[in-house]
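Topology and contacts: notes
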Amino acid sequence: MSIIQQHTQATLSDAWRTINIDALTEDSSVNFDVSTLHPPLPEISEADARAINGQVRQLLRGGDAEGALRGCLEMPVYNGSEAAKETHLHTVIEVLQSIKASEMTPMLQRIFAQQGGSECLDVLMKYLYKGMAATSAAADSSGRATPARAMTPQATGGFSQVGQRPMAANESTGSAMSVLLSWHEKVVEVAGLGCIGRTMTDFRRV
């Protein structure tokens, strides 16, 4: 009989895999409160997010697009409900879509040169990725025709028309994605690739 065959089921148990190694490591985050590494984040309600949206729109109407963008980025919604986060995301995207392509790089350079400018561009990168994810999800959902949409024709006095114009939703989502990608390119040009790394590793989520 070989040595392997002599082992019992108990000795071949993989129970050792359930040991929490982090609990045995002195420097592990399990052994201390990671919240002490950063100051407490202010809680922003949906009403607060809507108030910020109103202030930003007022700046846009006054022609101060740079002030509107900086105002959005200086008040990110880290600690708040999903509704508050979605409201602020829409506010940021609204500002980005209102700025001309020729103004993007100079504006980002001015913001980056100011105090706290690097943090502002890191926040912008977070919202760009969040906006891309939301746009992709919207495009995927619009591509799937539900039974109600697919089987409910409209009478047009001689023929039946099903649903809306083909690819209309995809055109709008594609345009939104194009805007976000353009901003992503400009942010990397101004802030460098480190902006992406900081965005990916920051525990704070918008």
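Residues numbered from 1 in each chain as written. Predicted model: local features only at pLDDT ≥ 70, side-chain atom pairs only at ≥ 80, totals over all residues. Heavy atoms only, no water.

**Details of the side chain of Glu-66**
Heads up, the condition is: Each helix is a run of DSSP H or I of at least 4 residues and each strand a run of E of at least 2, with the numbering of both proceeding from the N terminus. Burial status follows relative accessibility: with a 1.4 Å probe on protein chains alone, a residue under 20% of its type maximum counts as buried, one over 50% as exposed, and anything between as partly exposed. What makes two residues a contact is simply this: any of their non-hydrogen atoms within 4.5 Å.
Looking at the element boundaries, Glu-66 is found in helix H4 (residues 65–74). What makes Glu-66 buried here is its relative accessible area of 18%. The contacts of Glu-66, once residues within four sequence positions are left out, are Met-107, Arg-110, Ile-111 and Gln-114.

**Description of the layout of surface pockets**
Our working rule: Grid spacing is 1 Å over the protein atoms alone, the probe is 1.4 Å, and a cavity is where that probe fits but cannot get out, while a pocket is an open set with protein on both sides within 12 Å along at least five of seven lines and lining residues have an atom within 4 Å of a point. Grid points are joined across faces, edges and corners, and a volume is the space filled by probe spheres set on the points. All residues other than Ala, Val, Leu, Ile, Met, Phe, Trp, Tyr, Cys, Pro, Asp, Glu, Lys and Arg, Gly among them, are scored as polar; the first ten of these are nonpolar and the last four charged.
Its volume calculated, the second largest pocket comes out at about 200 Å³. Every residue lining the second largest pocket is counted, 15 residues in all, and those nearest its centre are Glu-74, Met-75, Pro-76, Tyr-78 and Arg-204. Across the lining of the second largest pocket, the residue classes break down as 11 nonpolar, one polar and three charged.

**Description of the nonpolar core**
Put simply, the test is: Only buried residues count toward a nonpolar core. Its members are Ala, Val, Leu, Ile, Met, Phe, Trp, Tyr and Cys residues joined through side-chain atoms within 4.5 Å.
Within the largest apolar cluster, 40 residues are counted, with the highest numbers of intra-cluster contacts made by Leu-69, Leu-124 and Trp-183. Residue assignment for this core shows that the elements contributing at least two residues are helix H3 (46–61), H4, helix H5 (82–98), helix H6 (101–113), helix H7 (117–142), helix H9 (168–191) and helix H10 (194–201). Counting residues per element, this core draws most heavily on H7, at eight residues. Once residues lying within four places of it in the same chain are set aside, the contact partners of Leu-69 are Val-95, Leu-96, Ile-99, Met-107, Ile-111 and Trp-183.

**Focus: a nonpolar patch on the surface**
The criterion, for reference: Patch building starts from residues that exceed 30% relative accessible area and form no salt bridge, then joins like charges within 9 Å and nonpolar side chains (Val, Leu, Ile, Met, Phe, Trp, Tyr) within 5 Å. Method for areas: the Shrake-Rupley scheme with a 1.4 Å probe, in which residue coverage is limited to the protein chains shown. The working definition used for a salt bridge is a side-chain nitrogen of Lys or Arg within 4 Å of a carboxyl oxygen of Asp or Glu.
A grouping of Ile-19, Ile-21 and Leu-24 is seen on the molecular surface, where their side chains present a nonpolar patch of about 330 Å² in accessible area. Topologically, Ile-19 is positioned in the loop between helix H1 (3–6) and helix H2 (21–24). Exposure remark for Ile-19: the relative accessible area of 47% places this residue in the partly exposed category.

**A few points about H4**
Summarising burial for H4: seven of the 10 residues are buried, a large majority. Every buried residue of H4 is accounted for by Ala-65, Glu-66, Ala-68, Leu-69, Arg-70, Cys-72 and Leu-73.

**Side note on the pattern of salt bridges**
Side-chain pairs of opposite charge can arise whenever the charged atoms involved come near each other. Taken as a whole and judged by the stated rule, the model has nine salt bridges. For Glu-46, the salt bridge identified is with Arg-50, shortest N-O distance 2.9 Å. Pair noted here: Glu-46 and Arg-50 are both in helix H3, with a separation of four residues, about one helical turn. Residue classification places Glu-46 among the partly exposed positions, given a relative accessible area of 30%. According to the relative accessible area criterion, Arg-50 is exposed, its value standing at 51%. Two residues, Arg-198 and Asp-122, come together in a salt bridge whose shortest N-O distance is 2.8 Å. One end of the pair, Arg-198, is in helix H10; the other, Asp-122, is in helix H7, with 76 residues separating them in the sequence.

**A look at the confidence of the model for the chain**
This is how it is decided: Each residue carries a pLDDT value, the predictor's own confidence for that position, ranging from 0 to 100.
Confidence in the prediction for the chain averages 80 pLDDT; 72% of positions are at 70 or higher. Throughout residues 145–168 the model reports pLDDT below 50, and contacts reaching past four residues in sequence, or to other chains, amount to 13 contacts.

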